[in-house]
Each structure stands twice: as C-alpha cells, then as structure tokens.
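Each chain, written out:
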Amino acid sequence: METVQFKTNIKCSGCIATVTPFLNEVAGEDNWEVDVQNPDKVLTVSTDKSNSTDIKKAVEKAGYQAVELVK
C-alpha cells in the first residue's frame, strides 16, 4: 500500500464534506484523512487503487488545491 501526502487548502469539516465523495471514489472510503490542525492542511492517502495524479485531480475537481509533498 502506498501513502502519499498533499498540502491542501481544505480548512474545515464543510470542506472535508465537499471533497469526501471525490476522494472516496479514487482512494476508497477510510483510506484518506485531512489534518486541518496542521498549518499546511495535509491530506494523507493510503491506497493501492490510485496514483497521486488521480488523487490531485479528484481534489481539484472538488474545487480545492493539492500539492504533493515530497518525502
């Protein structure tokens, strides 16, 4: 299973509710989370289903930004 992280502009529970259907579709339910306490609003995704490009596109389709964090 691959884990990727993104810096996002997902700020609150309302934002998370907006991106949930998009991320569930590409990453699978319960395979992702957003740390809204972190200043970078880090989205962490652990999945075998998708690659980082698909995840970024899903976040952007929901109206938010995602920049992959390099390990």
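Residues numbered from 1 in each chain as written. Predicted model: local features only at pLDDT ≥ 70, side-chain atom pairs only at ≥ 80, totals over all residues. Heavy atoms only, no water.

**Brief notes about the pattern of salt bridges**
Opposite charge on two side chains permits pairing when their charged atoms draw close.
1) Next: If you walk through the whole model with that rule in mind, you get two salt bridges.
2) Next: The salt bridge involving Glu 60 is made with Lys 56; its shortest N-O contact spans 3.6 Å. Here Lys 56 and Glu 60 lie together in helix α2 (residues 52-61), a separation of four residues that amounts to about one turn. (Salt bridge = Lys/Arg side-chain N within 4 Å of Asp/Glu carboxyl O. Helix = DSSP H or I, 4+ residues; strand = E, 2+ residues; numbered from the N terminus.)

**Brief notes about the nonpolar core**
1) Next: Leu 23, Trp 32, Leu 43 and Ile 55 are the most contacted members of the largest nonpolar core, which has 18 residues in total.
2) Next: Residue assignment for this core shows that the elements contributing at least two residues are β1 (2-8), α1 (13-27), β2 (32-35), β3 (42-47) and α2.
3) Next: The leading source of residues in this core is α1, at five residues.
4) Next: In this structure, Ile 55 is in contact with Val 4, Phe 6, Leu 23, Val 26, Leu 43, Val 45, Thr 47 and Ser 50, ignoring residues within four places of it in sequence. (Core = buried A, V, L, I, M, F, W, Y, C linked by side-chain atoms within 4.5 Å. Buried < 20%, exposed > 50% of the residue type's maximum accessible area, 1.4 Å probe, protein only. Contact = heavy atoms within 4.5 Å.)

**Considering the side chain of Thr 44**
1) Next: Of note, Thr 44 is situated in strand β3.
2) Next: The residues contacting Thr 44, other than those within four sequence positions of it, are Thr 3, Val 4, Gln 5, Asn 31, Trp 32 and Glu 33.

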